[in-house]
Amino acid sequence: MNRLAGSLIRLYPAAWRKRYEAEFAAMLEEVPQGSSAVFDLLEGATRMHLSMPSFPKLALTLSLLGLGVSFTIAPRYESTTVPIYHGERSDRQAAIEGLQAMEANVLSRTSLSNLIQDPRLNLFPDESPSKT
Amino acid sequence: MRERLVLSSLAEGDKHGYAMMQDIEAFAGIRLGPGTLYGAITRLEQHGWIRPVASTDRRQLYTITPSGRLHLKTALSGLQHVVKTGLARLNNA
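Keep in mind it's a predicted model, so treat the numbers as computed, not measured.

A.B. asks: Can you break down the overall build of chain B residue by residue, with the values?
C.D. replies: Along chain B, the regular secondary structure elements total 4 helices and 3 strands. Helices and strands appear in chain B in the N-to-C order α-β-α-α-β-β-α. Here chain B holds 93 residues, and the buried ones make up 40% of them. The contacts of chain B with a sequence gap of at least 6 include a subset with a gap of at least 24, amounting to 45%. By element, 55% of the accessible surface of chain B is carried by carbon and sulfur atoms, the whole surface being about 5,400 Å².

A.B. asks: Can you explain a nonpolar patch on the surface? Please cite residues and give values.
C.D. replies: All names here are of chain A. Together, Leu-99, Met-102, Val-106, Leu-107, Leu-112, Leu-115, Ile-116, Leu-121 and Phe-124 give the surface a local cluster of nonpolar side chains, amounting to about 770 Å² of exposed area. Looking at the nonpolar patch, the elements with two or more residues in it are α5 (92-106) and α6 (109-117). With respect to the element layout, Leu-107 can be found in the loop between α5 and α6.

A.B. asks: An account of the nonpolar core is requested, with residue identities and associated values reported.
C.D. replies: Core analysis: the largest hydrophobic core is formed by 34 residues, its most contacted members being Phe-24 of chain A together with Val-6, Leu-37 and Tyr-38 of chain B. At the level of elements, α1 (3-9), α2 (14-28) and α3 (35-51) of chain A together with α1 (2-10), α2 (17-28), α3 (34-47) and β3 (61-64) of chain B are the ones that each hand at least two residues to this core. Of all the elements, α2 of chain A adds the most residues to this core, at 6 residues. Each residue touching Tyr-38 of chain B, except ones within four places of it in the same chain, is listed here: Trp-16, Tyr-20, Glu-23, Phe-24, Met-27 and Met-48 of chain A together with Tyr-62 of chain B.

A.B. asks: So, the pairing of β3 of chain B: which residues are in play, and what are the values?
C.D. replies: Taken together, the 2 bridges between strand β1 (residues 15-16) of chain B and β3 of chain B define a ladder with antiparallel strand orientation. Within β3 of chain B, the residue paired with His-16 of chain B across the bridge is Leu-61 of chain B.

A.B. asks: Help me get a handle on the layout of surface pockets, residues and values and all.
C.D. replies: Residues and elements named next belong to chain A. Of the voids in this model, the largest pocket is the one considered here, and its volume is about 520 Å³. Contributing to the lining of the largest pocket are 15 residues, with Ser-79, Thr-80, Thr-81, Val-106 and Leu-107 lying nearest its centre. Of the residues contributing to the lining of the largest pocket, the split by class is 10 nonpolar, 3 polar and 2 charged.

A.B. asks: For the sheet that holds β3 of chain B, give the residues involved together with the corresponding values.
C.D. replies: Residue and element names in this part refer to chain B. Read across the open sheet, the 3 strands follow the order β1-β3-β2; overall the sheet is antiparallel. Here the strands that pair on one side only, and so sit at the sheet edges, are β1 and β2 (50-53). Here 4 bridges tie β2 to β3, and the two strands are oriented antiparallel to one another. For Val-53, the partnering residue across the bridge sits in β3 and is Leu-61.

A.B. asks: Go over the interface of chain B and chain A with me, naming the residues and quoting the values.
C.D. replies: Each partner contributes to the interface: chain B provides 21 residues, whereas chain A provides 21 residues. The interface formed by chain B and chain A includes 3 salt bridges. The shortest N-O distance in the salt bridge between Glu-30 of chain A and Arg-59 of chain B comes to 2.7 Å. Counting across the interface, chain B meets chain A through 10 residue pairs in polar contact (both at pLDDT 80 or more). Secondary structure elements with two or more residues in the side of chain B that touches chain A: α2 and α3 of chain B. Per-element accounting of the side of chain B that touches chain A gives the leading share, 9 residues, to α3 of chain B. Within the side of chain B that touches chain A, the residues separate by chemical class into 8 nonpolar, 8 polar and 5 charged.

A.B. asks: I'd love a proper account of the packing of α1 of chain B against α3 of chain B, names of residues and values included.
C.D. replies: Residue and element names in this part refer to chain B. α3 packs onto α1 with a crossing angle of 80° between their chain directions and a minimal axis gap of 9 Å. Between α1 and α3, the interaxial angle falls into the category roughly perpendicular. Here α1 contributes Arg-2, Glu-3, Val-6 and Leu-7 to the contact with α3, which in turn contributes Thr-36, Leu-37, Ala-40, Arg-43 and Leu-44. Among the residues making up the contact of α1 with α3, the classes are represented as 5 nonpolar, 1 polar and 3 charged.

A.B. asks: Describe the packing of aromatic side chains, naming the residues involved and giving the relevant values.
C.D. replies: Per the stated rule, a full pass over the model turns up 7 aromatic pairs over all chains. Between Tyr-12 of chain A and Phe-24 of chain A, the aromatic rings sit 5.5 Å apart at their centres with planes inclined by 65°, giving edge-to-face as the arrangement. Taken together, the residues Tyr-12 of chain A in the loop between α1 and α2 and Phe-24 of chain A in helix α2 connect sequence positions 12 residues apart. Tyr-12 of chain A gets classed as buried once you look at its relative accessible area, which sits at 1%. Among the aromatic residues, those joined into a cluster by ring pairs are Tyr-12, Trp-16, Tyr-20 and Phe-24 of chain A together with Tyr-38 of chain B. Its end group placed over the ring of Tyr-20 of chain A, Arg-19 of chain A keeps NZ or CZ at 4.2 Å from the ring centre.

The rules behind the values
Residues numbered from 1 in each chain as written. Chains lettered and ligands numbered in written order. Predicted model: local features only at pLDDT ≥ 70, side-chain atom pairs only at ≥ 80, totals over all residues. Heavy atoms only, no water. Helix = DSSP H or I, 4+ residues; strand = E, 2+ residues; numbered from the N terminus. Buried < 20%, exposed > 50% of the residue type's maximum accessible area, 1.4 Å probe, protein only. Contact = heavy atoms within 4.5 Å. Areas by Shrake-Rupley, 256 points an atom, 1.4 Å probe, with all protein chains shown as cover. Patch = residues over 30% accessible without salt bridge, like charges linked within 9 Å, V, L, I, M, F, W, Y side chains within 5 Å. Salt bridge = Lys/Arg side-chain N within 4 Å of Asp/Glu carboxyl O. Core = buried A, V, L, I, M, F, W, Y, C linked by side-chain atoms within 4.5 Å. Pairing = 2+ DSSP bridges. 1 Å grid on protein atoms, 1.4 Å probe; cavity = no way out; pocket = protein on both sides within 12 Å on 5 of 7 lines; lining within 4 Å. Points joined across faces, edges and corners; volume = space filled by probe spheres on them. Nonpolar A, V, L, I, M, F, W, Y, C, P; charged D, E, K, R; others polar. Polar contact = N/O pair within 3.5 Å; in protein donor to acceptor, adjacent residues only side chain to side chain. Axes fitted to C-alpha atoms, helices over the stretch in contact; angles between N-to-C directions. Parallel < 35°, antiparallel > 145°, perpendicular 65-115°, else oblique. Phe/Tyr/Trp six-rings, centres within 6.5 Å; stacked < 30°, edge-to-face > 60°. Lys NZ or Arg CZ within 6 Å of the ring centre and 35° of its normal.

This is the structure in structure tokens:
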């Protein structure tokens, strides 16, 4: 086995070398050495690293997966309001009716349309009429 | 594909790595590099489809296991069906 092949074996994962290094080195002594064998050893070492489980590789894979998934999910806009009533008990029913009317007004087609198209809010920049 | 070549080689009898490379080149016309071959050997051993056997020298002999034979038979049967279908369609075209 030439020195280059010997040093390329050291690129393999330690756990793999512990099991296969001796027999792999013995085989390399018989294999004709050349540039294709060198590239094959480099590719083999890379593939072996990718196939061996390890926490950093798992963390990197999951991070990239999460990043990919984040691009596939459409953005959602959510708003919550909690009205607190401090008036007299006798006015409570009138206040509830007022809030219901206000809710219907805010969630009306006209109101939502105005919110979506309001340039100050810039809710859907990719779908603005100027980019058609 | 590489795993099937190695299993097909070992189906004939126990071999060490370099003998597998020569055999595969002879019957399939494909020269597997040393890294590619040992990648396949590693995966096959992990699956339990091949196992090392005692050798008289530093070169490690491998043998195909009964589950390896079954896996190869199943894989080649599927391949045979694809080849047969493809050839029949070519002849009918």
